[in-house]
Amino acid sequence: MAIYTDKISVEVSKTSKIENVDFSDLTFGRVFTDHMFVCDYEDGKWQNPKIMPYQAMTFEPSARVFHYGQAVFEGMKAYKDDDGKVFLFRPKQNFNRINKSSARLAMPVFPENYFFEGLEALLKLDSDWIKPGVGNSLYLRPFVIATEPAISASPASTYRFMIICSPAKSYYNSAVRVLIADHYSRSANGGVGAAKAAGNYAAQFYPTSLAQQKGFQQVVWTDADTHTFLEEAGTMNVFFRVNDKLITAPTSDRILDGITRKSIIQLAEDLGITCEVRQITVEEIKNAAKDGSLKEVFGAGTAAVISPISAFEHQDELFEISGVDAEDSYAKLFKQTLLNIQHNLSEDKHGWRHEVK
Ligand code: COI
């Protein structure tokens with residue numbers, strides 16, 4: 001069946017996979033809903049936006065994305081409250097950021113009306129995949145790839161923008177142990193660290209696999225020049241609680257401008273918790289761990305939400321952080337406060353919720 005809205009054509013899937021999904025046992029990013037949104041850039045403009053059944057796609061082997069990694073993506077979530085209302089959280093931020101990432105990779109910016117109309121039409125069609133209840137969400141993955149078939153190291157002239165959706169619980173199932181980088185780097189001044197460029201993530205896989213061999217799930221990246229300043233963890237921004245004060249690194253060319261990160265900074269202000277946004281040295285955090293003033297470390301991101309970090313290692317010195325499960329931890333406080341806003345369970349004084357009507 002094909003339905004035409006003003007701008008977007010919709011082909012509804014003849015069958016649904018939903019009956020085969022165990023929503024109580026989801027592995028992050030493995031199950032996808034029945035539909036996806038697709039829009040192509042050709043002849044200098046984005047055109048032919050459509051929603052169609054989720055399916056494999058064919059691209060020429062010479063498509064530039066396969067050779068030069070000209071690809072960017074976003075991560076966002078939809079939530080459902082107990083009355084069945086569906087909400088996005090600060091979606092304009094994701095829209096702005098994917099276009100900022102695209103611009104950095106010499107890709108065309110995507111129009112705001114297509115982004116929101118595509119997203120909302122998709123969510124309405126696949127609404128049954130969004131389960132109510134704190135802890136449930138539908139992870140949304142908008143992305144753009146260079147489709148032009150050409151082995152030539154220059155920007156493509158054709159692109160595909162897509163949104164796929166995956167029901168999600170938590171990204172990390174327990175507290176995370178991290179290794180602080182002292183050799184490999186994630187990003188550099190003037191580089192693409194602030195963009196959600198696909199290659200940023202691929203470049204972390206090897207050093208992260210080395211960390212995993214040592215029993216750590218993630219690497220906390222440091223500045224490429226000196227490895228003395230703490231930056232981000234690749235899948236999340238990082239916060240340190242020293243006594244009752246929070247500290248997080250400022251965003252820059254090298255660090256992703258996380259939406260969960262900036263929400264926590266605002267919530268800290270609302271809750272009367274001091275949050276310093278400044279450069280943090282590895283030494284300072286090691287000293288705080290040694291003298292007992294380091295109370296908590298946690299990561300913040302859309303997929304990870306807020307994930308406590310229970311240990312970190314730097315140059316063979318291991319630090320265990322006690323109190324990860326403390327009832328009065330900041331990680332728990334921020335997570336609950338954020339989830340309550342996202343699930344329409346508390347006041348939304350900053351207007352972060354966006355209802356999909
Ligand atoms: C997100 O938090 O949405 C991300 O994009 C991180 C990703 C590596 C899962």
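Residues numbered from 1 in each chain as written. Predicted model: local features only at pLDDT ≥ 70, side-chain atom pairs only at ≥ 80, totals over all residues. Heavy atoms only, no water.

A.B. asks: Mind showing me how you'd approach the site of the ligand here?
C.D. replies: Residues in contact with the ligand, as listed here, are F73, G75, Y139, R141, Y171, K196, Y201, T235, T302 and A303. Between the ligand and Y139, the relevant distance is 2.5 Å, taken from an oxygen atom to a side-chain nitrogen or oxygen of the residue. Side-chain polar atom of K196 to an oxygen atom of the ligand: 2.8 Å apart, as the coordinates give it. Summarising the interface, the protein chains cover 90% of the accessible area of the ligand, which totals 280 Å² for the free molecule. Across the shell around the ligand, the residue classes break down as five nonpolar, three polar and two charged. Both domains that meet at the shell around the ligand, namely domain 1 (2-168) and domain 2 (176-342), each give it at least three residues. (Near = heavy atom within 4 Å. Polar contact = N/O pair within 3.5 Å; in protein donor to acceptor, adjacent residues only side chain to side chain. Areas by Shrake-Rupley, 256 points an atom, 1.4 Å probe, with all protein chains shown as cover. Nonpolar A, V, L, I, M, F, W, Y, C, P; charged D, E, K, R; others polar. Domains from an automatic or database assignment.)

A.B. asks: Any chance you could explain the domain arrangement of the protein chain here in plain terms?
C.D. replies: Put simply, an interface is often sized by how much accessible area is lost when its parts join up. Here the protein chain is described as being made up of domain 1 (2-168) and domain 2 (176-342). Spacing between the C-alpha centres of domain 1 and domain 2 amounts to 28 Å. Between domain 1 and domain 2, the residue contacts involve 20 residues of the former and 21 residues of the latter. Taken together, the two surfaces of domain 1 and domain 2 that pack against each other cover about 1,900 Å², and 62% of this comes from carbon and sulfur. Of all residues in domain 1, the largest losses of buried area upon contact with domain 2 belong to F73, F89 and R97, amounting jointly to 32% of the total for that side. Along the contact surface separating domain 1 from domain 2 lie zero salt bridges. (Contact = heavy atoms within 4.5 Å. Buried area = accessible area lost by both parts, 1.4 Å probe. Salt bridge = Lys/Arg side-chain N within 4 Å of Asp/Glu carboxyl O.)

A.B. asks: Would you explain the pairing of strand β10 (residues 176-180) in this entry?
C.D. replies: Residues in a regular strand point their side chains to alternate faces of the sheet. In terms of residue burial, β10 counts as a mostly covered element, since four of its five residues are buried. Sheet topology note: the β10/strand β16 (residues 305-314) ladder contains four bridges and is parallel. Paired with L179 across the strands is E313, a residue of β16. The pairing of β10 with strand β11 (residues 218-220) spans three bridges and is parallel. (Buried < 20%, exposed > 50% of the residue type's maximum accessible area, 1.4 Å probe, protein only. Helix = DSSP H or I, 4+ residues; strand = E, 2+ residues; numbered from the N terminus. Pairing = 2+ DSSP bridges.)

A.B. asks: When you look at the pattern of salt bridges in this model, what are you seeing that I'm missing?
C.D. replies: Two side chains with opposite charge may pair up if their charged atoms get near one another. Per the stated rule, a full pass over the model turns up 20 salt bridges. The closest approach of N and O atoms between R241 and E296, which form a salt bridge, is 2.8 Å. Of this pair, R241 sits in strand β12 (residues 237-242) while E296 sits in strand β15 (residues 294-301), and the two are 55 residues apart along the sequence. For the pair shown, R241 and E296 are each scored as buried. A salt bridge links K245 to E276; the shortest N-O distance between them is 3.4 Å. Residue K245 is located in strand β13 (residues 245-248), and its partner E276 is located in strand β14 (residues 275-277); the two are separated by 31 residues in the primary sequence. With a relative accessible area of 25%, E276 lands in the partly exposed category.

A.B. asks: When you look at the nonpolar core in this model, what are you seeing that I'm missing?
C.D. replies: Nonpolar side chains tend toward joint burial in soluble globular proteins. By size, the foremost hydrophobic cluster in this structure holds 55 residues, and its most contacted members are F37, W46, F115, L123, L140 and F161. If you count residues domain by domain, this core takes at least three from each of domain 1 (2-168) and domain 2 (176-342). Leaving out residues up to four positions away in the same chain, F115 has contacts with M76, P91, N94, F95, I98, F110, P142, F161 and I163. In this structure, Y172, A249, V297 and F319 belong to the second largest nonpolar core, which totals 25 residues. (Core = buried A, V, L, I, M, F, W, Y, C linked by side-chain atoms within 4.5 Å.)

A.B. asks: Can you help me understand helix α7 (residues 330-342) in this one?
C.D. replies: For the α-helix, the turn length of 3.6 residues means that residues three or four positions removed from each other point alike. Taking 1.5 Å of rise per residue, 13 residues should cover 18 Å, and α7 covers 18 Å from first to last C-alpha, within 8% of that figure. Where α7 is concerned, the buried positions are Y330, A331, F334, T337, L338, L339, I341 and Q342. Note on α7: the residue one or two positions beyond its end, N344, has a positive phi of about 60°. (Expected span 1.5 Å × (residues − 1).)

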